[in-house]
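Residue strings, one per chain:
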Amino acid sequence: MAVLSRSVAPFRRSCCVGSIRRFCSGADSKLAAALRTGKPVEGRNVQWVFLGCPGVGKGTYAARLSNLLGVPHISTGDLVRQELSTPGPLSSQLAEIVKQGKLITDEIIIDLLSKRLEAGESKGETGFILDGFPRTIRQAEILEGVTDIDLVINLKLREEALIAKCLGRRMCSECGGNYNVACIDIKGKHGSPGMYMPPLLPPPHCESKLIMRADDTEDVVKERLRIYNELSLPVEEFYRSRGKLLEFDLPGGIPESWPKLLQALSLVDHEDDKKSAAA
Ligand SMILES: [Zn+2]
């Protein structure tokens with residue numbers, strides 16, 4: 001686990017980071033408090049949620065933060081996959097839903113999540129980062145009754161970059177490795193900054209075995225984004241009105257975005273410091 005310490009920078013300073021957009025409301029002071037306090041509630045670690053549309057990379061940032069903060073990264077996608085691989089009544093029910101192409105109900109997701117949180121608590125876990133949940137306003141409301149969420153980080157990426165990233169996804173048909181052939185290079189204009197995200201190219205032995213998901217076409221990707229936005233805007237509003245929503249516009253790839261995200265969260269990654277000192 002990476003060594004963690006909170007920087008002394010108060011929220012006022014970190015909120016000057018250009019990539020953070022804050023919404024003016026009475027909720028701001030609550031958000032400021034949530035960001036200032038490393039352990040929001042005595043005796044436990046952070047209980048955070050990551051929001052962001054498909055392809056934004058929230059799994060990557062959630063995993064990094066969970067590693068840094070020493071809390072589990074709980075992805076509801078993983079919970080469903082795990083349950084499917086464990087024989088039992090719920091597993092067969094889930095398999096049937098997936099087979100019929102139906103959406104897994106809020107009840108099942110909440111049930112899986114509650115079980116995971118309880119199991120974690122009994123093992124001594126004192127916090128979590130949720131990824132992929134809540135997806136709907138109803139799930140957000142139910143989650144309120146299950147546990148306290150301190151902070152919701154809403155990751156955003158410019159739509160043109162997001163679509164290019166989704167269309168650039170490739171998987172190796174042999175080893176299952178995930179790559180991205182899109183090289184995003186948006187020139188800055190009219191005062192808006194440019195954006196560069198290098199491709200994540202496969203090693204030579206995977207190059208000839210790359211496949212694309214059949215549903216990664218521009219129309220399908222745009223439709224996926226539209227559905228995501230329709231469902232998630234009320235979820236964002238739900239947390240914004242409670243002073244828990246932190247909007248974060250990704251300025252580019254991981255090397256650029258990670259330090260800025262830490263800064264926005266008033267976190268310091270000493271592993272990164274060591275790496276840059278050694279470089
Ligand atoms: Zn491969």
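Residues numbered from 1 in each chain as written. Predicted model: local features only at pLDDT ≥ 70, side-chain atom pairs only at ≥ 80, totals over all residues.

**As for the overall build of the protein**
Right, on to step 1. When you go through the protein residue by residue, the secondary structure sums to 11 helices and 13 strands.
Right, on to step 2. Within the protein, contacts between residues at least 6 apart in sequence are counted, and of these 74% link residues at least 24 apart. (Helix = DSSP H or I, 4+ residues; strand = E, 2+ residues; numbered from the N terminus. Contact = placed C-beta atoms within 7 Å.)

**A look at the environment of Leu 79**
Right, on to step 1. Relative to the assigned elements, Leu 79 resides in helix α4 (residues 76–85).
Right, on to step 2. Distance from Leu 79 to Leu 113, taken between C-alpha atoms, is 7.5 Å for residues 34 residues apart in sequence.
Right, on to step 3. The contact partners of Leu 79, leaving out residues within four places of it in the chain, are Leu 112, Leu 113 and Arg 116.

**A word on the pairing of strand β6 (residues 151–156)**
Right, on to step 1. Burial analysis of β6 places five of its six residues in the buried class, which makes it a mostly covered element.
Right, on to step 2. Bridge analysis of strand β3 (residues 47–51) against β6 gives four bridges, and the strand direction is parallel. Along β6, the bridge assignment pairs Leu 51 with Asn 154.
Right, on to step 3. Where β6 and strand β12 (residues 245–249) come together, five bridges link them in parallel fashion. Residue pairing in the sheet places Asn 154 in a bridge with Glu 247 of β12. (Buried ≥ 20, exposed ≤ 12 C-beta atoms within 10 Å, placed from the backbone. Pairing = 2+ DSSP bridges.)

**With respect to helix α8 (residues 159–167)**
Right, on to step 1. For α8, the set of buried residues is Ala 161, Leu 162, Ala 164, Lys 165 and Cys 166.
Right, on to step 2. Packing partners of the buried residues in α8 comprise β7 (169–172), β8 (178–180), β9 (184–186), β10 (195–197) and α9 (218–241).

**Quick word on the sheet that holds strand β11 (residues 210–211)**
Right, on to step 1. Reading across from one edge, β8-β7-β11 is the order of the three strands in this open sheet, with antiparallel pairing throughout. Pairing within the sheet leaves two strands with one partner each, and these edge strands are β8 and β11.
Right, on to step 2. Bridge analysis of β7 against β8 gives three bridges, and the strand direction is antiparallel. From the neighbouring strand, Arg 170 faces β8, where its bridge partner is Tyr 179.

**What about unusual backbone geometry?**
Right, on to step 1. Following Phe 133, the chain continues to Pro 134 via a peptide bond in cis, the omega torsion being -5 degrees.
Right, on to step 2. Its identity is not glycine, yet His 190 carries a phi of approximately 45 degrees, on the positive side.
Right, on to step 3. Note on placement: His 190 falls in the loop between β9 and β10.
Right, on to step 4. With a phi close to 55 degrees, Ser 266 is a non-glycine residue in the positive phi region.

**Side note on the nonpolar core**
Note that soluble globular proteins tend to have their nonpolar side chains buried in a common cluster.
Right, on to step 1. In this structure, Phe 50, Ile 129, Val 152, Ile 153 and Leu 155 are the most contacted members of the largest nonpolar core, which totals 45 residues.
Right, on to step 2. Here this core gets five residues from one element, more than from any other, and that element is helix α3 (residues 58–69). (Core = buried A, V, L, I, M, F, W, Y, C linked by C-beta atoms within 7 Å.)

**Examining helix α6 (residues 106–122)**
Right, on to step 1. With 17 residues, α6 ought to run about 24 Å at 1.5 Å a step, and its terminal C-alpha atoms sit 24 Å apart, in line with that.
Right, on to step 2. For α6, the complete set of buried residues consists of Ile 109, Leu 112, Leu 113 and Arg 116. Buried positions in α6, seen along its axis, are confined to an arc of 95 degrees and lie on one side of it. Away from its buried face by more than 90 degrees, α6 exposes Glu 107, Glu 118 and Ser 122.
Right, on to step 3. Lining the buried residues of α6 we find β4 (73–75), α4 and α7 (137–146).
Right, on to step 4. Positive phi appears at Gly 124, one or two residues downstream of α6, with a value of about 95 degrees. (Expected span 1.5 Å × (residues − 1). Arc of directions from axis to C-beta.)

**Some thoughts on the packing of α6 against α7**
Between two packed helices, the angle of one axis relative to the other and the distance separating the axes together describe the packing.
Right, on to step 1. Between α6 and α7, the shortest axis-to-axis distance is 11 Å and the interhelical angle comes to 35 degrees. Of the two elements, α6 crosses α7, and the hand of that crossing is right-handed. From α6, Asp 106, Ile 109, Ile 110 and Ser 114 reach across to α7, where they touch Arg 138, Gln 139, Ile 142 and Val 146.
Right, on to step 2. Counted by class, the contact of α6 with α7 contains four nonpolar, two polar and two charged residues. (Axes fitted to C-alpha atoms, helices over the stretch in contact; angles between N-to-C directions. Left-handed = near helix turned anticlockwise from the far one by under 90°. Nonpolar A, V, L, I, M, F, W, Y, C, P; charged D, E, K, R; others polar.)

**As for the environment of Arg 116**
Right, on to step 1. Take Arg 116: it is sitting in helix α6.
Right, on to step 2. Separated by 37 residues in the primary sequence, Arg 116 and Leu 79 place their C-alpha atoms 8.0 Å from one another.
Right, on to step 3. Contacts of Arg 116, omitting those with residues within four sequence positions, involve Ile 74 and Leu 79.

**What to know about the packing of α4 against α6**
Right, on to step 1. Their axes nearest at 10 Å, the elements α4 and α6 cross at an angle of 90 degrees. Taken together, the axes of α4 and α6 are roughly perpendicular relative to one another. Mapping the contact onto sequence places Thr 76, Leu 79, Val 80 and Glu 83 in α4 and Ile 109, Leu 112, Leu 113 and Arg 116 in α6.
Right, on to step 2. In the contact of α4 with α6, the residues fall into five nonpolar, one polar and two charged. (Parallel < 35°, antiparallel > 145°, perpendicular 65-115°, else oblique.)

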